[in-house]
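Below, each chain spelled out in residue letters.
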Amino acid sequence: VRTSILAKMDRRGYRTLMIVGGQPRAGVSTVAHNLATSLAYNGRNVVIVDLNFRRPSQHRLVGIGNDVGIVDVLHNRVSLADAITKLEGLTVSVLPTGGAADEAPECLECAAFRAVLAQLETDYDFVILDAPPALLASESQLLAQHVDSLAIVVRAMTDHRGTVE
């Protein structure tokens, strides 16, 4: 997966990648985490941004807290640097959701979100967005407007052809 995505993104100069699935539990967070780790082993500096406000999981995958995150940055409660956690031994950082359970998707359309994304693109080689399920949340459609590329996670024998389309 890394080889295919990296070749296309490098060739086009892309830096932001949204990983999305159709339904919950498609494995999006795991794919995002594994891809980031693989890119780090390839010498890339990567940040994963957890934008699945209803079911955040990046913080659990890497064993950090979720008290502070992107929502707090967007509402000017903390700085971007204070909300990001760099993982030990890797060039991977994680920006969790923070207290986002009741956050409206509209926060992803604001100028503050675009500014955060632009800053991350400046600071990191790759920005990977862990997006909520496309069929259940409008956030994925909003996010697609702000990224260079998109990868769809499809579960074999579970997701049907119509769902993927």
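To be clear, the structure that these remarks concern was listed above.
Thresholds, definitions, all that
- Residues numbered from 1 in each chain as written.
- Predicted model: local features only at pLDDT ≥ 70, side-chain atom pairs only at ≥ 80, totals over all residues.
- Heavy atoms only, no water.
- Pairing = 2+ DSSP bridges.
- Helix = DSSP H or I, 4+ residues; strand = E, 2+ residues; numbered from the N terminus.
- Salt bridge = Lys/Arg side-chain N within 4 Å of Asp/Glu carboxyl O.
- Core = buried A, V, L, I, M, F, W, Y, C linked by side-chain atoms within 4.5 Å.
- Buried < 20%, exposed > 50% of the residue type's maximum accessible area, 1.4 Å probe, protein only.
- Contact = heavy atoms within 4.5 Å.
- Axes fitted to C-alpha atoms, helices over the stretch in contact; angles between N-to-C directions.
- Parallel < 35°, antiparallel > 145°, perpendicular 65-115°, else oblique.
- Left-handed = near helix turned anticlockwise from the far one by under 90°.
- 1 Å grid on protein atoms, 1.4 Å probe; cavity = no way out; pocket = protein on both sides within 12 Å on 5 of 7 lines; lining within 4 Å.
- Points joined across faces, edges and corners; volume = space filled by probe spheres on them.
- Nonpolar A, V, L, I, M, F, W, Y, C, P; charged D, E, K, R; others polar.

### A short note on the sheet that holds strand S3 (residues 85–86)
Strand order in the open sheet formed by 6 strands is S3-S4-S2-S5-S1-S6, with mixed pairing between adjacent strands. The outermost strands of the open sheet, each flanked by one partner alone, are S3 and strand S6 (149–153). In this sheet, strand S4 (residues 92–95) lies alongside strand S2 (residues 46–50) in parallel orientation, the contact comprising 4 bridges. Looking at S4, one finds that Val46 is bridged to Val92.

### Comments concerning the pattern of salt bridges
Applying the stated criterion to the full structure yields 3 salt bridges. A salt bridge links Asp72 to Arg77; the nearest nitrogen and oxygen atoms lie 3.1 Å apart.

### Quick notes on the nonpolar core
By size, the foremost hydrophobic cluster in this structure holds 27 residues, and its most contacted members are Leu51, Ile70, Leu120 and Leu129. Looking at this core, the elements that each hand over two or more residues are strand S1 (16–21), S2, helix H4 (70–74), helix H5 (80–83), helix H6 (111–123) and strand S5 (126–130). When residues no more than four places from it in sequence are discounted, the contact partners of Leu129 are Leu17, Met18, Ile19, Val49, Leu51, Leu117, Leu143 and Val147. One finds Ala26, Val28, Leu90 and Phe126 within the second-largest nonpolar core, a separate group that totals 24 residues.

### Focus on the side chain of His33
Looking at the element boundaries, His33 is found in helix H2 (residues 28–41). With residues near it in sequence (within four places) discarded, His33 still touches Ile48, Gln58, Leu61 and Val62.

### Here's the deal with the pairing of S2
The buried count for S2 comes to 5 of 5 residues, which makes it a mostly enclosed element. Every second residue of S2 is oriented toward a common face, with Val46, Ile48 and Asp50 on one face and Val47 and Val49 on the other, all of them buried. Across 5 bridges, S2 lies against S5 in parallel orientation. Pairing of Val49 across the sheet is with Leu129, part of S5.

### A few points about the packing of helix H1 (residues 2–12) against H2
One way to put it is that H1 packs onto H2 with a least axis distance of 10 Å and a crossing angle of 70°. When the axes of H1 and H2 are compared, the pair comes out roughly perpendicular. Relative to H2, H1 is oriented so that their crossing is right-handed. In contact with Arg2, Ile5 and Leu6 of H1, H2 contributes Leu35, Ser38 and Leu39.

### Points about the layout of surface pockets
A volume near 390 Å³ is recorded for the largest pocket. Lining the largest pocket we find 21 residues, and of these Pro24, Arg25, Ser29, Asn52 and Arg55 sit closest to its centre. In terms of residues, the lining of the largest pocket owes the most to one element, H2, which gives 3 residues. Split into classes, the residues belonging to the lining of the largest pocket amount to 10 nonpolar, 6 polar and 5 charged.

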